[in-house]
Amino acid sequence: MKRRYPIPVQKALKKLGADLRMARKRRPIKAAIMAERMGVSAPTLRKIENGDPTVQLGHLAQALFVLQMLDGLSDLAATENDEIGQMLEEERLPQRVRN
């Protein structure tokens, strides 16, 4: 049975794939060359650019590396940008400290 992903996840991956395709074309790097530089097959690159959710994260990282866009990957889930997590953490802090 094929796994269903939430619509927001599907949309985000489609946008990521389309953005990677546009970045590749702007450079201009042919798909076959891009796949070779990434160390993946042409069908895998096609899956990445189509937003296929089953693609390995490492392959996405390779695509970003080849396009010299890897810097943003490490900041995707940066704790300083986790507003919800920070709010929840603050709620668990003691309200006052007794001496």
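Preceding this paragraph is the structure being described.
All of these numbers come straight from a predicted model, not from anything done at the bench.

Q: Could you clarify how one ought to interpret the pattern of salt bridges in this entry?
A: Close approach of charged atoms lets side chains of opposite charge pair. One pass over the full model with this rule turns up three salt bridges. Of the charged contacts, one joins E49 and R21 as a salt bridge, the two residues approaching to 3.4 Å between their closest N and O atoms. Here the residue E49 occupies a position in helix 3 (residues 42-50), and R21 occupies one in helix 1 (residues 7-26), the gap between them amounting to 28 residues. Each of R21, R24 and E49 takes part in a single network of salt bridges with overlapping partners.

Q: Please explain the packing of helix 2 (residues 31-38) against helix 3 as it appears in this structure.
A: The axes of two packed helices give the description: the angle between them and the distance between them. At a closest axis distance of 9 Å, the pairing of helix 2 and helix 3 adopts a crossing angle of 100°. When the axes of helix 2 and helix 3 are compared, the pair comes out roughly perpendicular. Each of A31, M34, A35 and M38 in helix 2 lies in contact with helix 3, whose residues at this interface are A42, L45 and I48. Each residue belonging to the contact of helix 2 with helix 3 can be placed in one class, and the counts come to seven nonpolar, no polar and no charged.

Q: Would you take a moment to explain the side chain of T44 for this structure?
A: By the secondary structure assignment, T44 is in helix 3. The exposure class of T44 is buried, given its relative accessible area of 18%. Here the side chain of T44 touches S41 through a polar contact of 3.0 Å, side chain to side chain.

Q: Looking at this structure, how should I read the packing of helix 2 against helix 4 (residues 57-66)?
A: It is the contact of helix 2 with helix 4, at a shortest axis distance of 9 Å, that shows an interaxial angle of 115°. Here helix 2 lies roughly perpendicular to helix 4, going by the angle between them. Regarding helix 2 and helix 4, the two cross each other, and that crossing is right-handed. Of the residues in helix 4, those in contact with M34, R37 and M38 of helix 2 are H59, Q62, A63 and V66. Grouping the amino acids of the contact of helix 2 with helix 4 by side-chain chemistry returns four nonpolar, two polar and one charged.

Q: Looking at this model, I keep getting lost on helix 2. Mind explaining?
A: Residues three or four positions apart in an α-helix share a direction because the helix packs 3.6 residues into each turn. Every buried residue belonging to helix 2 is among M34, A35 and M38, and all of these are buried. Projection of helix 2 onto a plane perpendicular to its axis shows the buried side chains occupying an angular sector of 95°, all on one side. Exposed residues lying more than 90 degrees from the buried face of helix 2 are A32, E36 and R37. Against the buried residues of helix 2 lie helix 1, helix 3 and helix 4. Backbone geometry just after helix 2 places G39 at a positive phi near 80°.

Q: Hey, could you run me through the nonpolar core in this one?
A: Soluble globular proteins tend to pack their nonpolar side chains together in the buried interior. Core analysis: the largest hydrophobic core is formed by 15 residues, its most contacted members being L20, M34, M38, L45, I48, A63 and L67. Those elements that provide at least two residues to this core are helix 1, helix 2, helix 3 and helix 4. Looking at which element gives the most residues to this core, the answer is helix 4, with four residues.

What counts, and at which threshold
- Residues numbered from 1 in each chain as written.
- Predicted model: local features only at pLDDT ≥ 70, side-chain atom pairs only at ≥ 80, totals over all residues.
- Heavy atoms only, no water.
- Salt bridge = Lys/Arg side-chain N within 4 Å of Asp/Glu carboxyl O.
- Helix = DSSP H or I, 4+ residues; strand = E, 2+ residues; numbered from the N terminus.
- Axes fitted to C-alpha atoms, helices over the stretch in contact; angles between N-to-C directions.
- Parallel < 35°, antiparallel > 145°, perpendicular 65-115°, else oblique.
- Contact = heavy atoms within 4.5 Å.
- Nonpolar A, V, L, I, M, F, W, Y, C, P; charged D, E, K, R; others polar.
- Buried < 20%, exposed > 50% of the residue type's maximum accessible area, 1.4 Å probe, protein only.
- Polar contact = N/O pair within 3.5 Å; in protein donor to acceptor, adjacent residues only side chain to side chain.
- Left-handed = near helix turned anticlockwise from the far one by under 90°.
- Arc of directions from axis to C-beta.
- Core = buried A, V, L, I, M, F, W, Y, C linked by side-chain atoms within 4.5 Å.

In short, the description is geometric, and any link to function would need to be established separately.
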